Amino acid sequence: MAEMAELRIDGKTYELPIIEGSEGERAIDISKLRNQSGVITLDPGYANTGSCMSSITFIDGDKGILRYRGIPIEEVADHSTFLEVAYLLVYGSLPTADNLANITESITLHTMLHEDFKRFFGALPKDAHPMAACSAAVGALSTFYPDCLDPRDPRQVEIAVHRLIAKLPTMAAYAYKHSIGQPMMYPRNELDYVGNFLYMLFGTPCDEYEVDPVIRNALDLLLILHADHEQNCSASTVRLVGSSMVNLFSAISSGIQALWGPSHGGANQEVIEMLASIRDQGISAREFVERAKAGDDTARLMGFGHRVYKNFDPRMKIIKGACREVLDKLGARTRLLEIAVELEEIALSDEYFVSRKLYPNVDFYSGVIYNAIGIPSNMFTAMFAIGRLPGWIAQWMELHGDSNFKIGRPRQIYTGPTETHYTPIKDR
Ligand code: SDX
């Protein structure tokens, strides 16, 4: 028998079941509250409200724990590859060698875009942000592939999933090439997933392009670290849009737009621009932190703070470690990393940040690596989207597999005018 919570309203007591997750988290199930009591709950930003039961990713924000299907992010980062992590998140367990070979082959053979996408990207302004371009292109996939739009047909879902994971890097590379006036490069089937992306980004028809293993491995790690993160803003967007029964491409296109926001995935671009601004203004890290504390909107410490982590973001620790290694191997030590380290040291000992439990998050150091690799800052969030894609897909599939599936439709508390009447314009 479930433990019950009691709620007293107007002298009447309502009993609500308490449910417990596999990690001991507890929730009051309010799914029958309005029918029983006529009242609803209110929780702007959903900081206290669970939208679903999920078995994909677990975060303990106080202990700085992150696990994909139960496996600690540190182990996944040390031993896995991005495509293996994509399989783990989407299908629920680590792949066998055959599983991995099959999904790798399928994705490799779907990396090419329909030729009309060259005109699609070519029609965009040169300075189109890659996130706008990728969201539009992903949404347009439903027009090119009407054969895989039914969210309830497993065969159609499978092909849509493989097409998405395969084609998003090609789209991001096309958006980049268009912005710099270079030819869009066709994918190469002999290259692996990350190597192919680097080739499409930096290769040209004029020269052979050699994938640098240091860069390739750094990118593979960054994609792994961004792969999923529970019910964050963009994952919740994919679920809400997906709950209308629209096709997967449309739901993912919405998730890309949500991720673009500077409070969410867009922060990695904001961080590098913040570090470059501190460097170019010649101000000290301490001076910038003081501005951030003063609430100067132009000086928010981007890459710091998190809705869930009130301790270190475990992903940040791994990325920070990789930063030094990659920059040293590339001989690309920049002032930006030093400024980031100074900001972190100052903030972590400053009462303003300590009292608010503001720690560096995944976005704080990732841009330093992207920058050292030669990826332009407006492509950073597109990198985040490529990494987060398997997580969005896994969340969308879990939504459609949920026996309690229903369209997402929050209630509200109305605060507008009570009944009034139409006033003809002559009397206004
Ligand atoms: C991601 O949800 C996820 O899991 C997201 C993500 C994922 O993998 O999907 O982890 C990826 O989005 C990471 C977060 C990237 N965003 C940033 O780095 C932008 C800077 N951070 C903030 O905007 C903020 O910390 C949020 C949006 C991330 C979290 O917002 P919260 O939890 O709602 O915190 P808050 O805005 O209520 O802030 C609490 C206090 C406030 O001060 P007071 O009103 O109490 O005086 O802390 C302050 C804020 O002003 N604060 C900051 C700050 N972040 C919060 N002050 C200075 N610099 C900051 N970065």
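Cut-offs used in this document
- Residues numbered from 1 in each chain as written.
- Predicted model: local features only at pLDDT ≥ 70, side-chain atom pairs only at ≥ 80, totals over all residues.
- Heavy atoms only, no water.
- Near = heavy atom within 4 Å.
- Polar contact = N/O pair within 3.5 Å; in protein donor to acceptor, adjacent residues only side chain to side chain.
- Nonpolar A, V, L, I, M, F, W, Y, C, P; charged D, E, K, R; others polar.
- Axes fitted to C-alpha atoms, helices over the stretch in contact; angles between N-to-C directions.
- Helix = DSSP H or I, 4+ residues; strand = E, 2+ residues; numbered from the N terminus.
- Parallel < 35°, antiparallel > 145°, perpendicular 65-115°, else oblique.
- Left-handed = near helix turned anticlockwise from the far one by under 90°.
- Contact = heavy atoms within 4.5 Å.
- Buried < 20%, exposed > 50% of the residue type's maximum accessible area, 1.4 Å probe, protein only.
- Pairing = 2+ DSSP bridges.
- Disulfide = S-S within 2.5 Å.

A. Just the site of the ligand, in detail. In the neighbourhood of the ligand, 23 residues make up the surrounding shell, with His229, Leu301, His306, Arg315 and Arg388 lying closest. Side-chain polar atom of His229 to an oxygen atom of the ligand: 2.6 Å apart, as the coordinates give it. In the model, an oxygen atom of the ligand is placed 3.2 Å from a nitrogen or oxygen of the Arg356 side chain. Residues that form the shell around the ligand fall into these classes: 8 nonpolar, 8 polar and 7 charged.

B. Seen up close, the packing of helix α14 (residues 314–330) against helix α17 (residues 363–373). Viewed as axis vectors pointing N to C, α14 and α17 meet at an angle of 25 degrees, and their least axial separation amounts to 9 Å. The orientation of α14 relative to α17 falls into the category roughly parallel. Crossing handedness for the pair α14 and α17: left-handed. Taking contact as the criterion, the partners of Met316, Ile319, Lys320, Ala322, Cys323, Val326, Leu327 and Leu330 in α14 are, on α17, Tyr365, Ser366, Val368, Ile369 and Ala372. Among the residues forming the contact of α14 with α17, the class breakdown is 11 nonpolar, 1 polar and 1 charged.

C. Looking closely at the side chain of Glu344. Examined against the element boundaries, Glu344 turns out to sit in helix α15 (residues 335–348). When neighbours within four sequence positions are excluded, Glu344 is seen to be in contact with Phe304, Phe312, Met316, Lys320, Pro360, Phe364 and Tyr365.

D. Focus on the environment of Ser243. Mapped onto the secondary structure, Ser243 falls in the loop between α10 (233–242) and α11 (248–260). Accessibility expressed as a relative area gives 5% for Ser243, which makes it buried.

E. Quick look at the environment of Arg188. Counting through the fold element by element, Arg188 comes out in the loop between α7 (154–179) and α8 (193–202). When its relative accessible area of 36% is taken as the criterion, Arg188 is described as partly exposed. As for Arg188 and Ile407, which are separated by 219 residues in sequence, their C-alpha atoms are 41 Å apart. When neighbours within four sequence positions are excluded, Arg188 is seen to be in contact with Asn196 and Tyr199.

F. Structural detail: the side chain of Gln395. Structurally, the position occupied by Gln395 is in helix α18 (residues 380–400). Using a relative accessible area of 0% as the deciding quantity, one classes Gln395 as buried. Among the polar contacts made by the side chain of Gln395, one reaches the side chain of Arg239 at a distance of 2.9 Å. Beyond its immediate stretch of four places on either side in the chain, Gln395 contacts Ser54, Ile56, Asp228, Glu230, Gln231, Ala235 and Arg239.

G. Layout of the pairing of strand β4 (residues 57–60). Burial of the side chains of β4 extends over both faces: Thr57 and Ile59 are buried on one face and Phe58 and Asp60 on the other. The pairing of β4 with strand β5 (residues 65–68) spans 4 bridges and is classified as antiparallel. Its bridge partner lying in β5, Asp60 is registered against Ile65. Taken together, β4 and the strand that follows it, β5, pair antiparallel across an intervening segment of 4 residues, in which Gly64 is found at a positive phi of about 65 degrees.

H. Seen up close, the state of the cysteines. Applying the stated criterion to the full structure yields 0 disulfides. Of all cysteine sulfurs, the one in Cys134 lies closest to Cys148, which takes part in no disulfide; the gap is 18 Å. Here Cys233 is not disulfide-linked; the sulfur of Cys52 is the nearest cysteine sulfur, at 14 Å.

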